[in-house]
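Residue-level structural notes
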Amino acid sequence: TQLLEQSPQFLSIQEGENLTVYCNSSSVFSSLQWYRQEPGEGPVLLVTVVTGGEVKKLKRLTFQFGDARKDSSLHITAAQPGDTGLYLCAGAGQNFVFGPGTRLSVLP
Amino acid sequence: KAGVTQTPRYLIKTRGQQVTLSCSPISGHRSVSWYQQTPGQGLQFLFEYFSETQRNKGNFPGRFSGRQFSNSRSEMNVSTLELGDSALYLCASSLALELGEQYFGPGTRLTVT
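The residue numbers shown here count from 1 along each chain, following its written sequence. All chains are assigned letters beginning at A, and all ligands numbers beginning at 1, according to the order in which they are written. Given that the model is predicted, a residue must reach a pLDDT of at least 70 before its local features are reported, and side-chain atom pairs must reach 80 or more before they are shown or counted; all residues, however, enter totals for whole chains, interfaces and linings. Where side-chain values are given, they derive from all heavy atoms of the structure, hydrogens and water being excluded.

Concerning the interface of chain A and chain B
Definition in use: By the convention used here, residues are in contact when the closest approach between their heavy atoms is within 4.5 Å. Here the quantity called buried area is the accessible surface, traced with a 1.4 Å probe, that two parts lose on coming together, added over both. Basic side-chain nitrogens of Lys or Arg form a salt bridge, by our definition, when they fall within 4 Å of a carboxyl oxygen of Asp or Glu. Here a helix means four or more residues in a row that DSSP labels H or I, a strand means two or more in a row labelled E, and each is numbered from the N terminus. Classification convention: Asp, Glu, Lys, Arg as charged; Ala, Val, Leu, Ile, Met, Phe, Trp, Tyr, Cys, Pro as nonpolar; all other residues, Gly among them, as polar.
Between chain A and chain B, the residue contacts involve 17 residues of the former and 18 residues of the latter. Together chain A and chain B conceal approximately 1200 Å² of surface at their shared face, both sides included; 55% is due to carbon and sulfur atoms. The largest per-residue losses of area from chain A upon contact with chain B belong to A:Pro43, A:Phe96 and A:Phe98, which jointly make up 37% of the total buried on that side. Across the contact surface, chain A and chain B share one salt bridge. B:Arg9 is the salt-bridge partner of A:Glu41, the closest N and O atoms lying 3.9 Å from each other. Of all the secondary-structure elements, those providing two or more residues to the side of chain A that touches chain B are strand S4 (31-37), strand S5 (44-49), strand S9 (85-92) and strand S10 (96-98) of chain A. Broken down by element, the side of chain A that touches chain B gets its largest block of residues, four residues, from S4(A). Residue composition of the side of chain A that touches chain B, by class: eight nonpolar, eight polar and one charged.

Next up, the structure:
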């Protein structure tokens, strides 16, 4: 069974700080997605990474896929209160699995 | 292009009843997946339908079932509701699940009393 772990589970930071959240697995995925979910809403797709070592940037967000396609990281530069939410990673492989999420709170 | 829609948004049922939830995917998407989200268990995969056929199924009891129609709209049914079925039920559409990119609806918040 493919599983994804995310760390940290919770993160509370001040506006303007940088942060990195991690998504790890012992399994190889053909692609990995990052989503952000706000309370009472469905997850919103942020990015898909496919190639090992791939780096994608979305404004202040930088996503990296590990060389072995087993892990990924999300780095946010100069976090803003609007970045607050639950960040989920998900992997497509034998099945489609979600990590438990990192709950981020950015305080003004 | 219209997004994924789910109806109803909120639902309150009592134990033992059954419920049907509906999902309309993005136009052109043939894959519809259903997920249960709870604070303790996170997002758990229920099942995926592609062109009216169930292709993948998660580890849920037979009380949870679904179907997909020829227009790709999907319904999910839960029979003999239990208190533990209280959750946010999310529907996601994609061109194909194995491609990875899924687009979620706003969810149906089910409360079982």
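Read on for the rest.
Some points on the sheet that holds strand S8 (residues 71-76) of chain A
All names here are of chain A. Heads up, the rule is: Two strands qualify as a pair provided that DSSP identifies no fewer than 2 bridges between them. To obtain an axis, a line is fitted to C-alpha atoms, over the contacting stretch when the element is a helix, and the angle between two such axes runs from 0 to 180 degrees between their N-to-C directions.
Taken together, the five strands give an open sheet; going across it, the order is S1-S3-S8-S7-S6, and neighbouring strands pair in antiparallel fashion. Strands with a single pairing partner mark the edges of an open sheet, and in this sheet they are strand S1 (5-7) and strand S6 (55-58). Neighbour-to-neighbour, the strand axes of the sheet open up by a mean angle of 15 degrees, direction not taken into account. Relative to S8, strand S7 (residues 61-65) runs antiparallel, the two sharing five bridges. In the strand pairing of S8, Thr62 is matched with His75.

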